[in-house]
Amino acid sequence: MSFAGTPQPRPRWYHARTELDDFAIVSYRVSPEALTRHLPAGFTPMRMTFADGRPGTLVSAVAFRDRDFHFRFLPQASIDCGQINYRAYVTANNKPGVWFFATTLDHPVVAIPQHIWGMPWSRDPIRIAANWTATPAHWRLEAGDTHCEATELPQPLTTLDGFTNESDWLERLTHPTQGWYRRRNGQIGAYTIWHPVMRPRYLTAATARFPLFERLGLITPDTPPHSILAQPHLSFDIHTPPHRFHPTP
């Protein structure tokens, strides 16, 4: 594996820190044209060519349990809760990153990103559980009408459709550090994160439904996931607060 990750920015007193447990990236192949309809001007889908010769792009539901989420200046006020981020892989200002459609959080602290930072967050009960020592390991998500149940593949993947090698999908699919979203006032917000390189385990879905992507017209109820990459634990730095995005003229 040649992807070595990205340098860790120096933590600031106002940044946030969290440990992510039972972390999984459930990705779907979608039409670039369908995705483009949901992106602001200046944002373009990260196009890929798949094994069937057809172009496409990816969106992902990223689900995990926050453990000890806290702002660095207030470590005693930590929270534990479930979270799901819905994102698409895009470029803007010639930089790769992810466009966030929405986030659901199972905690009242959702009011901070929702009302203070204008982020597209909402509160919803989320249940995530996994058994990483079972044979095969399994992972489960339930959140209203959203659900996914997956088991670990017998062997790690050596190819992932649309990518050239493991280094390629680790960099593009698991390691975007720049994110954008539409604020409640219509402006575009931006923020960055950092985490070490993932050491993913490869799962396959027995069942999966993500109605948010269905409502956006990106998938149908019977669309199977493109891939599921998971990891028992992952540390995250979140460079709060988000800021206003300034597109290149």
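See the structure above.
Analysis parameters
Residues numbered from 1 in each chain as written. Predicted model: local features only at pLDDT ≥ 70, side-chain atom pairs only at ≥ 80, totals over all residues. Heavy atoms only, no water. Phe/Tyr/Trp six-rings, centres within 6.5 Å; stacked < 30°, edge-to-face > 60°. Helix = DSSP H or I, 4+ residues; strand = E, 2+ residues; numbered from the N terminus. 1 Å grid on protein atoms, 1.4 Å probe; cavity = no way out; pocket = protein on both sides within 12 Å on 5 of 7 lines; lining within 4 Å. Points joined across faces, edges and corners; volume = space filled by probe spheres on them. Nonpolar A, V, L, I, M, F, W, Y, C, P; charged D, E, K, R; others polar. Core = buried A, V, L, I, M, F, W, Y, C linked by side-chain atoms within 4.5 Å. Buried < 20%, exposed > 50% of the residue type's maximum accessible area, 1.4 Å probe, protein only. Contact = heavy atoms within 4.5 Å. Salt bridge = Lys/Arg side-chain N within 4 Å of Asp/Glu carboxyl O.

> With reference to specific residues and values, describe the packing of aromatic side chains.
In this structure the tally under the stated criterion is 18 aromatic pairs. Their ring planes at 20 degrees and their centres at 5.7 Å tell us that Phe71 and Phe73 sit as a pair that is stacked. When the ring of Phe100 is compared with that of Tyr191, the centres are 5.8 Å apart and the planes differ by 25 degrees; the resulting orientation is stacked. Linking Phe100 in strand 6 (residues 95-105) with Tyr191 in strand 12 (residues 188-194), this pair joins segments that are 91 residues apart in sequence. Through a chain of ring-to-ring contacts, three or more aromatic side chains come together here, namely Trp13, Tyr14, Phe69, Phe71, Phe73 and Trp117.

> Describe empty space enclosed by the protein, with residues and values.
Under the counting rule described, the total for this entry stands at two cavities of 30 Å³ or more. Elements with a minimum of two residues in the lining of the largest cavity: strand 1 (16-30), strand 4 (55-71), strand 5 (79-92), strand 6, helix 2 (111-116), strand 11 (178-182), strand 12 and strand 14 (227-238). Residues that form the lining of the largest cavity fall into these classes: 25 nonpolar, eleven polar and two charged. Quantified by volume, the second largest cavity comes out at close to 40 Å³. In terms of lining residues, the second largest cavity is bounded by Met46, Met48, Leu58, Tyr89, Phe163, Arg172 and Leu173.

> Lay out the nonpolar core in plain terms, naming residues and giving numbers.
In terms of nonpolar packing, the biggest core is built from 41 residues, with Phe101, Trp139, Leu141, Phe210 and Phe213 touching the most fellow members. For this core, the element with the most residues is strand 5, which contributes five residues. When residues no more than four places from it in sequence are discounted, the contact partners of Leu141 are Ala63, Ile84, Ile126, Arg127, Ile128, Thr146, His147, Cys148 and Phe210. Counting 38 residues, the second-largest nonpolar core is a separate cluster that includes Tyr89, Leu160, Leu170 and Tyr181.

> I'd like to hear about the pattern of salt bridges, residue by residue, with values.
Within the structure shown, the criterion is met by 13 salt bridges. Across the pair Arg17 and Asp237 runs a salt bridge, and its minimum N-O distance is 2.5 Å. Of this pair, Arg17 sits in strand 1 while Asp237 sits in strand 14, and the two are 220 residues apart along the sequence. Given the relative accessible area of 21%, Arg17 is considered partly exposed. The exposure class of Asp237 is buried, given its relative accessible area of 3%. With a closest N to O distance of 2.2 Å, Arg140 and Glu149 form a salt bridge. Put simply, Arg17, Glu19, Arg72 and Asp237 are held in one network by salt bridges that share partners.

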